[in-house]
Amino acid sequence: MDTKVEPVATMLGHQERVWHIAWNPTGTLLASCSGGGDKTIRIWGKEGSNWVCKAILADGHQRSIRSVAWSPCGNFLASGSFDATTCIWNKTTGEFECSATLEGHENEVKSVSWAASGSLLATCGRDKTVWVWEVDHEGEDYECASVQQKIHTQDVKKVSWHPFKEVLASAGYDDKINLLHEEEDDWDCFATLEGHESTVWSLSFEKTGERLASCSADKTVKIWQEYLPGNQEGIPTQNNSPTWKCVCTLQGYHDRPIYDIAWCHLTGCLATASGDDSICIFKEDVTVNDPRNQPSFDLAVTLKKAHDDDVNAITWNPKDKGLFASCSDDGSIKLWRYIEE
């Protein structure tokens, strides 16, 4: 099977590096956020055959905006900033308004993520903490449910929710990944995944939630498999919680840290974004004898100079098969289409 990636669009407008991007649940809008003197969020959408800037969200933050995430209903956008706050932008009236500002982190907020239920929001930051916020059904009220202060010993770079369970993964500068769930009215770390040799920059769950991909400054990607209590492999578990094990490592494809990873829930492909200005797409070899315990992923495409500087984030469109977006220190956002022939 031949595979290729074709450029779809380049979106310009941010005055500084673009840190992060996120599709809304229907895949019709893309949010981007920027650093330095820009400090804005831009909302991009299609008009005819062109992708254009539909809105600019300013005045919400005092410093760089590091992360954006849409609520599952698509009516709210969370943004995390180096100013230590998380803003909630509400578009139920048609226009985006900052309807809530969440405070509590001591300094930079590095990542924000909504649970699939829409009733929980997670944030993490340079203060080594992970916060879980409870959201009321109308998205108007946000209450801190838990502050995890001891699960990481360094800057926490990323939080990511399981695709349908209330299980949260976090990753950071201490080279570790932690998995949390609620237990007896508080949130508890039930697994710590170790194996990376440097900062774990990002995480992405497979659509089943049974596997997790991670990427690191050690220039590797690791695939982690969940083993439930009573699993057929006989892998021991504790306290009726699953055990997670690394079952595959991808290395030798990037020359610098891998800053982001995205697992496509439509095709099963993995995409990586790196400080070497490149993007890689990996496809799983489904013909292997034991895909659960010994999966194999083949490099399908490399985009060597995808951007003119570090590629900071990458994300697959949730509805349009093969369409993905990337953003960079070069100030641009690009749309691409992955094609299998």
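In what follows, the structure referred to is the one given above.
Residues numbered from 1 in each chain as written. Predicted model: local features only at pLDDT ≥ 70, side-chain atom pairs only at ≥ 80, totals over all residues. Heavy atoms only, no water.

A. Spotlight on the sheet that holds strand 27 (residues 323-328). Reading across the sheet, the four strands line up as 1-28-27-26 and stay open at both edges, with antiparallel pairing between neighbours. Only two strands of the sheet have a single partner each, and these edge strands are strand 1 (3-11) and strand 26 (311-316). Sheet twist, expressed as the average angle between the axes of neighbouring strands with direction ignored, equals 25°. Two elements, strand 27 and strand 28 (residues 333-340), share five bridges in a ladder whose sense is antiparallel. (Pairing = 2+ DSSP bridges. Helix = DSSP H or I, 4+ residues; strand = E, 2+ residues; numbered from the N terminus. Axes fitted to C-alpha atoms, helices over the stretch in contact; angles between N-to-C directions.)

B. Quick peek at the nonpolar core. In terms of nonpolar packing, the biggest core is built from 17 residues, with Val5, Ile279, Ile281, Leu303, Trp316, Phe324 and Tyr338 touching the most fellow members. Among the elements of the structure, strand 23 (270-274), strand 24 (279-284), strand 25 (297-303), strand 26 and strand 28 are those that each provide at least two residues to this core. The element best represented in this core is strand 26, accounting for three residues. Those residues in contact with isoleucine 281 that lie beyond four places of it in its chain are Val5, Cys269, Leu270, Ala271, Asp298, Leu299, Ala300, Val301, Trp316, Phe324 and Tyr338. (Core = buried A, V, L, I, M, F, W, Y, C linked by side-chain atoms within 4.5 Å. Buried < 20%, exposed > 50% of the residue type's maximum accessible area, 1.4 Å probe, protein only. Contact = heavy atoms within 4.5 Å.)

C. The arrangement of a negative patch on the surface in detail. Taken together, Glu134, Glu138, Glu140, Asp141, Glu143, Glu166, Glu182, Glu183, Glu184, Asp185, Asp186 and Asp188 make up a surface patch of like negative charges. Inspection of the secondary structure assignment puts glutamate 183 in strand 16 (residues 177-183). Looking at glutamate 183, the relative accessible area reads 38%, which means it is partly exposed. (Patch = residues over 30% accessible without salt bridge, like charges linked within 9 Å, V, L, I, M, F, W, Y side chains within 5 Å. Areas by Shrake-Rupley, 256 points an atom, 1.4 Å probe, with all protein chains shown as cover. Salt bridge = Lys/Arg side-chain N within 4 Å of Asp/Glu carboxyl O. Lys, Arg positive; Asp, Glu negative; His and termini not counted. Charge placed at Lys NZ, Arg CZ, Asp CG, Glu CD.)

D. Representation of the packing of aromatic side chains. What the rule picks out here adds up to 13 aromatic pairs. Ring centres of tryptophan 114 and tyrosine 142 lie 6.4 Å apart, and the angle between their planes is 70°; on these two criteria the pair is classed as edge-to-face. Residue tryptophan 114 is located in strand 10 (residues 109-114), and its partner tyrosine 142 is located in strand 13 (residues 142-148); the two are separated by 28 residues in the primary sequence. Judged by its relative accessible area of 9%, tryptophan 114 is buried. Seen from their ring centres, tryptophan 161 and tryptophan 187 are 5.7 Å apart, and the 80° between their planes marks the pair as edge-to-face. Here tryptophan 161 is found in strand 14 (residues 156-161), whereas its partner tryptophan 187 is found in strand 17 (residues 186-193), with 26 residues between them in sequence. The same class applies to tryptophan 161 as to tryptophan 187, namely buried. (Phe/Tyr/Trp six-rings, centres within 6.5 Å; stacked < 30°, edge-to-face > 60°.)

E. Quick peek at the side chain of asparagine 312. Topologically, asparagine 312 is positioned in strand 26. A relative accessible area of 9% places asparagine 312 in the buried class.

F. Spatial organisation of the pairing of strand 26. Along strand 26, six of the six residues are buried, which leaves the element largely enclosed by surrounding structure. When strand 26 meets strand 27, the two strands line up antiparallel, connected through five bridges. The partner of tryptophan 316 across the bridge, within strand 27, is phenylalanine 324.

G. Local environment of the environment of leucine 323. Tracing the backbone shows leucine 323 in strand 27. For leucine 323, a relative accessible area of 4% puts it in the buried group. Between the alpha carbons of leucine 323 and glycine 27 there is a distance of 9.6 Å; along the sequence they are 296 residues apart. If we skip the residues at most four places from it in the chain, leucine 323 touches Val8, Trp23, Trp51, Trp316, Asn317, Leu335, Trp336 and Arg337.

H. Broad picture of the pattern of salt bridges. Under the criterion given, the structure shown has 15 salt bridges. The residue lysine 54 makes a salt bridge to glutamate 47 at a minimum N-O spacing of 3.5 Å. For lysine 54, a relative accessible area of 42% puts it in the partly exposed group. A relative accessible area of 46% places glutamate 47 in the partly exposed class.

I. How the structure looks around the environment of isoleucine 21. By the element assignment, isoleucine 21 lies in strand 2 (residues 18-23). For isoleucine 21, a relative accessible area of 3% corresponds to the buried category. With 102 residues separating them in the primary sequence, isoleucine 21 and threonine 123 have C-alpha atoms 16 Å apart. Excluding residues within four positions of it along the chain, isoleucine 21 makes contact with Leu30, Ala31, Ser32, Val68, Ala313, Ile314, Thr315, Ala325, Ser326, Cys327 and Ile333.

J. The sheet that holds strand 19 (residues 211-216), seen in detail. Taken in spatial order, the four strands make up an open sheet running 18-19-20-21, and their pairing is antiparallel. Because the sheet does not close on itself, it has two edges, and the strands there are strand 18 (200-205) and strand 21 (243-251). Strand after strand, the sheet turns through a mean of 25° between neighbouring axes, direction not considered. With five bridges joining them, strand 18 and strand 19 adopt antiparallel strand pairing. Within the sheet, the bridge partner assigned to serine 202 lies in strand 19 and is cysteine 215.

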